[in-house]
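Listed below are the residues making up each chain.
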Amino acid sequence: MKTLSQAKTYLNYINGSWQAASSEEVIASINPANKEEVGYVQSSTREDLNEAVKAAKQAQKLWKKLSGAERGNLLYKAADMIEKNIDVIAETMTREMGKTFPEAKGETARGVAILRFYAGEGMRKMGDIIPASDGTALQFSKRVPLGVVGLITPWNFPCAIPIWKAAPALIYGNTVVLKPASEAAVTAAKVVECFDLAGFPNGVINLVTGKGSVIGQGLAEHPDIEAVSFTGSNTIGKQIGQAATARGAKYQLEMGGKNPIIIANDADIDQALAAVLSGGLKSTGQKCTCSSRVIVQSGVYNEFREKLLAEVRKIKVGNGLDADTWMGPCASESQYGTVKYYIQKGIEEGAELLIGGDSPKSEELKQGFFINPTVFDKVTPSMTIAQEEIFGPVLALMKVETVQEAIEVANDVEFGLSASIFTKDIGQILTFIDDIEAGLVRVNYETAGVELQAPFGGMKASSSHSREQGEAAKEFFTTTKTVFIKG
Ligand SMILES: NC(=O)C1=CN([C@@H]2O[C@H](COP(=O)(O)OP(=O)(O)OC[C@H]3O[C@@H](n4cnc5c(N)ncnc54)[C@H](OP(=O)(O)O)[C@@H]3O)[C@@H](O)[C@H]2O)C=CC1
Ligand SMILES: O=C(O)CCC(=O)C(=O)O
């Protein structure tokens, strides 16, 4: 069995070979649990990026001519390689960005499943027969690839997100240049190694690591990049959208969330509690779909708050590689600083800090970027912690009198990614489905987590109105030719 390299320094993958950046500089990837150096990635230049784009452009000419089944077979092989190396990839992920090993392994397994889903897409229809006005003519639509696509990905899902962008891009006949987040680029390099071992033709998938302002922005501005798919912050997403629009390129942005979970008086409280803990605090709250606002109806507010506190007290914070750790550190020093800033803001604006807000005191954990799970009470809709994405283990409890009020509070933010309600009342469920402003609507289920076979994306400032994953990815990664053949 082929295994992945154990290198400390990871190179760019351009035109089927591993290459150092022309800058001769590297970026260190740091373990947020103890500040060890996990590895180094290339700090690439625009020249390196140009080479990758050139290789991808050349490779696309032959790649698009392969049948969907042939492309699919390579995706199946990449899936097998990742599956064989699942422990190595997951451990690297835990060491690089802190999520617990079981979560990292689950995410890597999801990457495998995504590849297999899109491998199957190669055998499915790519167009429709449409009646022509002339009875002797044949008219049909045909989905065709865009060309070379740029993928800019974040650190919070360093395996699943690169794959959920690359797999549809590739199966529909595009070639890819991937720029992963610097904080988790070693994990991304290991994923790309699996594509290499699977035998993809040279230039079909390329990896260029480096600063976002150089390589990410470079992808958005590059004249030979036909489309850019981005997941990350709203600030950077807007810049990418503007750069792509300025040159007429297609773009897709998946950005922040401020996801509400509503708990009605008739909810199954234990079920809701499990969803709040998992959806709000797993991955240290670093998911765009995580629940950060817990909106509870007054009839069950006190009971829910006490049960929540009892469970949060039991959470074991620690290194994600330790078997008994439930919650790891924040992914980086900068993320740690952001979360601390929002906790302070919550206190200053008058929310009541019920638990957490500080860091664990043990000598071992003092070495890392840990923050204890934090719950604020008496949060009002205008507070900063009720409006802005924190991306950390911070829950804001908000009390409402009615479900209608809960939906109004839920909608009173700029984001609209995911939202959930816990109730048994069918009328309330239907009203919620109709009135909630969110792309992902959950009933008696947590806000976090996505189904790889279903469309994923948000409303309002959360997305650029397009959807990823499932068949929806075809919309973004292809364009349509309408063909008319006169007999
Ligand atoms: N929706 C989501 O899933 C995510 C949301 N976020 C939100 O964003 C906040 C900040 O996280 P952060 O990592 O800084 O997110 P960013 O938006 O800065 O990073 C996301 C990706 O964009 C790249 N990038 C950075 N600057 C540019 C640029 N000027 N042009 C093009 N690409 C660029 C990054 O590269 P590099 O790593 O090299 O800087 C990374 O690959 C978090 O606190 C959270 O609120 C963050 C991650 C995921
Ligand atoms: O919750 C998930 O599984 C994915 C969420 C996501 O896309 C993200 O946080 O970037």
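Every chain is numbered independently, its residues counted from 1 as its sequence is written. Throughout, the order in which chains and ligands are written sets their labels, letters from A for the former and numbers from 1 for the latter. Local features are withheld for residues below a pLDDT of 70 in this predicted model, meaning they are given only at 70 or higher, and side-chain atom pairs are given and counted only at 80 or more; totals for whole chains, interfaces and linings count all residues. The side-chain values count all of the structure's non-hydrogen atoms but skip hydrogen atoms and water molecules.

The name given to the chain in an unreviewed UniProt entry is Aldehyde dehydrogenase (NAD+), with Neobacillus ginsengisoli as the source organism. One UniProt comment on the chain, placed under Sequence similarities (unreviewed entry), says "Belongs to the aldehyde dehydrogenase family." UniProt positions are given in the numbering used here, feature names are shortened, and annotations may be inferred rather than shown by experiment.

Visitor: Any details on the sheet that holds strand S19 (residues 440–443)? Residues and values, ideally.
Guide: Pairing in this open sheet of seven strands is mixed, and the strands run S14-S15-S16-S13-S12-S18-S19 from one edge to the other. Strands at the two margins of the open sheet, each flanked by one partner only, are strand S14 (352–355) and S19. Strand-to-strand, the axes of this sheet are offset by a mean angle of 20°, without reference to chain direction. Pairing between two strands requires that DSSP report at least two bridges joining them. Secondary structure elements follow DSSP: runs of H or I of four or more residues count as helices, runs of E of two or more count as strands, with numbering from the N terminus. As judged from the four bridges shared by strand S18 (residues 418–422) and S19, these two strands associate in the parallel manner. Directly across from Ser418, in S19, lies its bridge partner Leu440. Against the sheet, helix H9 (residues 269–281) contacts strand S12 (259–263), strand S13 (291–297), strand S16 (394–400) and S18, and its axis sits at roughly 170° relative to S12. By the convention used here, residues are in contact when the closest approach between their heavy atoms is within 4.5 Å. Axis geometry follows a simple rule: fit a line to the C-alpha atoms, using only the stretch in contact for helices, then measure angles between N-to-C directions, giving values from 0 to 180 degrees. Along the sheet, helix H14 (residues 403–411) contacts S12, S13, S16 and S18; its crossing angle with S13, the most-contacted strand, is approximately 160°.

Visitor: Could you give me a rundown of the UniProt feature "domain: Aldehyde dehydrogenase" (unreviewed entry) in the chain, with the residues and numbers involved?
Guide: Look at the UniProt record and you will see "domain: Aldehyde dehydrogenase" (unreviewed entry) annotated at residues 18–483. Between the first and last C-alpha atoms of residues 18–483 the distance is 41 Å; the span itself is 42% helix and 20% strand.

Visitor: Before we move on, could you go through the site of ligand 1 and cite the residues and values that matter?
Guide: The environment of ligand 1 is made up of 28 residues, and the closest members are Thr153, Trp155, Ser182, Ser233 and Glu389. Here a polar contact is taken to be a pair of N or O atoms separated by no more than 3.5 Å, where protein atoms must pair a possible hydrogen donor with a possible acceptor and residues adjacent in sequence count only if both atoms sit in side chains. Residue Ser182 places a side-chain N or O atom 2.6 Å away from an oxygen atom belonging to ligand 1. The Shrake-Rupley method, run with a 1.4 Å probe, gives the accessible areas here. Residue values count only the displayed protein chains as cover. Computed on the free molecule, ligand 1 has an accessible area of 870 Å², of which 84% lies beneath the protein chains in the complex. Those elements that provide at least two residues to the shell around ligand 1 are helix H7 (212–221), strand S10 (227–231) and helix H8 (234–246). A per-element tally of the shell around ligand 1 places H7 first, with four residues. Here a residue is near a molecule or strand as soon as one of its heavy atoms is found within 4 Å of it.

Visitor: Pulling in residues and values, what's your account of the pattern of salt bridges?
Guide: Should their charged atoms come close, side chains of opposite charge can pair. A side-chain nitrogen of Lys or Arg and a carboxyl oxygen of Asp or Glu constitute a salt bridge if their distance falls within 4 Å. On inspection of all chains with the given rule, the structure shows 21 salt bridges. Residue Glu83 is joined to Arg116 by a salt bridge in which the shortest nitrogen-to-oxygen separation is 2.8 Å. Highlighted residues: Glu83 in helix H2 (residues 68–84) and Arg116 in helix H4 (residues 101–121), separated in sequence by 33 residues. In this structure, the salt-bridge partner of Lys378 is Glu352, at a minimum N-O distance of 2.8 Å. Of the two residues, Lys378 is situated in the loop between strand S15 (374–377) and helix H13 (384–387) and Glu352 in strand S14; the sequence distance between them amounts to 26 residues. Here the residues in one salt-bridge network are Asp80, Glu83 and Arg116, joined through shared partners.

Visitor: Tell me about the UniProt feature "active site" (unreviewed entry) in the chain, residues and numbers included.
Guide: Mapped onto the present numbering, the UniProt feature "active site" (unreviewed entry) falls on Glu254. Here Glu254 is to be found in strand S11 (residues 250–254). Of the residues examined, Glu254 reaches a relative accessible area of 2% and is grouped as buried. If near-sequence neighbours (up to four positions away) are discounted, Glu254 is found in contact with Phe230, Thr231, Gly232, Phe456, Gly457, Gly458, Ser462, Ser463, Ser466 and Glu468. Buried means the residue's accessible area, taken with a 1.4 Å probe over protein chains only, is under 20% of the maximum for its type, while exposed means over 50%, and partly exposed covers the values in between.

Visitor: How would you sum up the environment of Glu414? Please name residues and give values.
Guide: If you trace the backbone, Glu414 turns up in the loop between H14 and strand S17 (415–416). In this structure the C-alpha to C-alpha distance between Glu414 and Ala461, which are 47 residues apart in sequence, comes to 5.8 Å.

Visitor: Tell me what's going on with the packing of aromatic side chains, and back it up with residues and numbers.
Guide: Centre distance within 6.5 Å is the pairing criterion for rings of Phe, Tyr and Trp, where only the six-membered ring of Trp is used; planes under 30 degrees apart are then read as stacked, over 60 as edge-to-face, and the remainder as tilted. Counted by the stated rule, this structure contains nine aromatic pairs. Ring centres of Trp63 and Phe200 lie 5.7 Å apart, and the angle between their planes is 40°; on these two criteria the pair is classed as tilted. Separated by 137 residues along the polypeptide, Trp63 in helix H1 (residues 46–63) and Phe200 in the loop between helix H6 (185–198) and strand S9 (205–207) bring together distant segments of the chain. In terms of burial, Trp63 and Phe200 fall into one category: buried. Joined through ring pairs, the aromatic side chains of Trp63, Phe195 and Phe200 make up one cluster. Two conditions define a charge sitting above a ring: the NZ of Lys or the CZ of Arg must be within 6 Å of the ring centre, and it must be within 35 degrees of the ring normal. Taking the ring centre of Phe117 as reference, the NZ or CZ of Arg124 above it sits at 5.8 Å. It is Lys399 that lies over the ring of Tyr301; its NZ or CZ is 5.1 Å from the centre.

Visitor: Give me the site of ligand 2: which residues, what numbers.
Guide: Contacts to ligand 2 come from Arg110, Asn156, Phe157, Ile161, Trp164, Thr231, Lys287, Cys288, Thr289, Gly449, Val450 and Phe456. The protein chains hide 99% of the 290 Å² of surface that ligand 2 would expose on its own. Amino acids are sorted into nonpolar (Ala, Val, Leu, Ile, Met, Phe, Trp, Tyr, Cys and Pro), charged (Asp, Glu, Lys and Arg) and polar (every other residue, Gly among them). Among the residues making up the shell around ligand 2, the classes are represented as six nonpolar, four polar and two charged. If you count residues domain by domain, the shell around ligand 2 takes at least three from each of domain 1 (9–255 + 463–486) and domain 2 (259–451). Domain limits in this description derive from either an automatic procedure or a database domain assignment.

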